[in-house]
Amino acid sequence: MFQLDDIDRKILRALQENADATIAEIAERAGVSQTPCWKRIKKLEASNVIKKRVALLDPSALGLALVGYVRVRTNAHTQEWTEEFAKGIRALPEITECHRMTGDVDYLLKVVIADMDDYDRVYKKLIKIADLADVSVNFSMERLKETTELPL
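Residues numbered from 1 in each chain as written. Predicted model: local features only at pLDDT ≥ 70, side-chain atom pairs only at ≥ 80, totals over all residues. Heavy atoms only, no water.

Trainee: What is the right way to read the overall build of the protein from this model?
Mentor: Scanning the protein from N- to C-terminus turns up five helices and four strands. Scaling as 2.2 N^0.38, a compact globule of 152 residues should have a C-alpha radius of gyration of about 15 Å, whereas the protein reaches 20 Å, well beyond that. In terms of its C-alpha atoms, the protein occupies a principal-axis envelope of roughly 55 × 35 × 25 Å. By residue count, 29% of the 152 residues in the protein fall in the buried class. When contacts within the protein are restricted to residue pairs at least 6 apart in sequence, those whose partners lie at least 24 apart make up 64%. Carbon and sulfur atoms provide 51% of the accessible area of the protein, an area that totals close to 10700 Å². Once the 23 positive and 25 negative side-chain charges of the protein are each reduced to a mean point, those two points are 5 Å apart. (Helix = DSSP H or I, 4+ residues; strand = E, 2+ residues; numbered from the N terminus. Rg over C-alpha atoms; globule rule 2.2 N^0.38 Å. Buried < 20%, exposed > 50% of the residue type's maximum accessible area, 1.4 Å probe, protein only. Contact = heavy atoms within 4.5 Å. Areas by Shrake-Rupley, 256 points an atom, 1.4 Å probe, with all protein chains shown as cover. Lys, Arg positive; Asp, Glu negative; His and termini not counted. Charge placed at Lys NZ, Arg CZ, Asp CG, Glu CD.)

Next up, the structure:
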């Protein structure tokens, strides 16, 4: 694990809030000059603390107003099955997250889709990926909190 100091945390907070901020703006927020700030950012990138910088899009503005959380159970727990399932999941862009879980559900998927017909299309592709014992979904009615910012 990479050891962060207070300056690193300030830099990361600034980048999480606005990855387009200039080095001068980030350096000011972190309380350091631009060159050391830039070097720290490069070090954080090299150590994979900063994985990548992205643009966050508004799903509703793109017609993707429905979010579903799909619970998947399987009776197969082999390496071959897992690799087949992971490959299939990665091929579906509507599935934005996939987590292997503890408890009575094996996998939890987040799907971002336009509507129920769109979900049905994704569901039909999902059940063809691998042998699944059960697939069920809950749809989000309202986002009370959504952030990509990690607690520092």
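Trainee: Help me understand the packing of aromatic side chains, please; the structure alone is not making it clear to me.
Mentor: Across all of its chains, the model carries five aromatic pairs by this definition. Ring centres 4.9 Å apart and planes at 15 degrees place the aromatic pair W81 and F85 in the stacked group. On the criterion of helical spacing, the pair formed by W81 and F85 is a turn pair, its members being four residues apart in helix 4 (residues 79–90). Overall, the relative accessible area of 1% leaves F85 in the buried class. Residues F85 and Y107 carry aromatic rings whose centres are separated by 4.7 Å and whose planes lie at 50 degrees to one another, so their mutual orientation is tilted. Of this pair, F85 sits in helix 4 while Y107 sits in strand 3 (residues 107–113), and the two are 22 residues apart along the sequence. (Phe/Tyr/Trp six-rings, centres within 6.5 Å; stacked < 30°, edge-to-face > 60°.)

Trainee: Is there a simple way to think about helix 1 (residues 6–17) in this case?
Mentor: Three or four residues apart is the spacing at which side chains of an α-helix point the same way, because the helix has 3.6 residues per turn. Taking 1.5 Å per residue, 12 residues should reach 16 Å; helix 1 reaches 17 Å between its end C-alpha atoms and fits that length. Packing partners of the buried residues in helix 1 comprise helix 2 (23–30) and helix 3 (34–46). Its side-chain oxygen placed 3.1 Å from the backbone nitrogen of I7, D5 serves as the N-cap of helix 1. (Expected span 1.5 Å × (residues − 1). Polar contact = N/O pair within 3.5 Å; in protein donor to acceptor, adjacent residues only side chain to side chain.)

Trainee: Whenever I open this one, the nonpolar core confuses me. Can you help?
Mentor: Taken as a class, soluble globular proteins show a tendency for nonpolar side chains to be buried jointly. Core analysis: the largest hydrophobic core is formed by 20 residues, its most contacted members being V70, F85, L109 and L126. Taken together, the elements giving at least two residues each to this core come down to strand 1 (66–73), helix 4, strand 3 and helix 5 (116–129). Counting residues in hydrophobic clusters, the runner-up holds 12 residues, among them L12, A14, A21 and A27. (Core = buried A, V, L, I, M, F, W, Y, C linked by side-chain atoms within 4.5 Å.)

Trainee: Looking at this structure, how should I read the packing of helix 1 against helix 2?
Mentor: Packed helix pairs are characterised by how far apart their axes lie and by the angle those axes make with each other. Relative orientation of the contacting elements helix 1 and helix 2 amounts to 135 degrees, with a least axis distance of 8 Å. Classified by the angle their axes make, helix 1 and helix 2 are oblique. The handedness of the crossing between helix 1 and helix 2 comes out as right-handed. Counted together, I7, K10, I11, R13, A14, L15 and E17 of helix 1 and I26, R29 and A30 of helix 2 form the full contact between these two elements. (Axes fitted to C-alpha atoms, helices over the stretch in contact; angles between N-to-C directions. Parallel < 35°, antiparallel > 145°, perpendicular 65-115°, else oblique. Left-handed = near helix turned anticlockwise from the far one by under 90°.)

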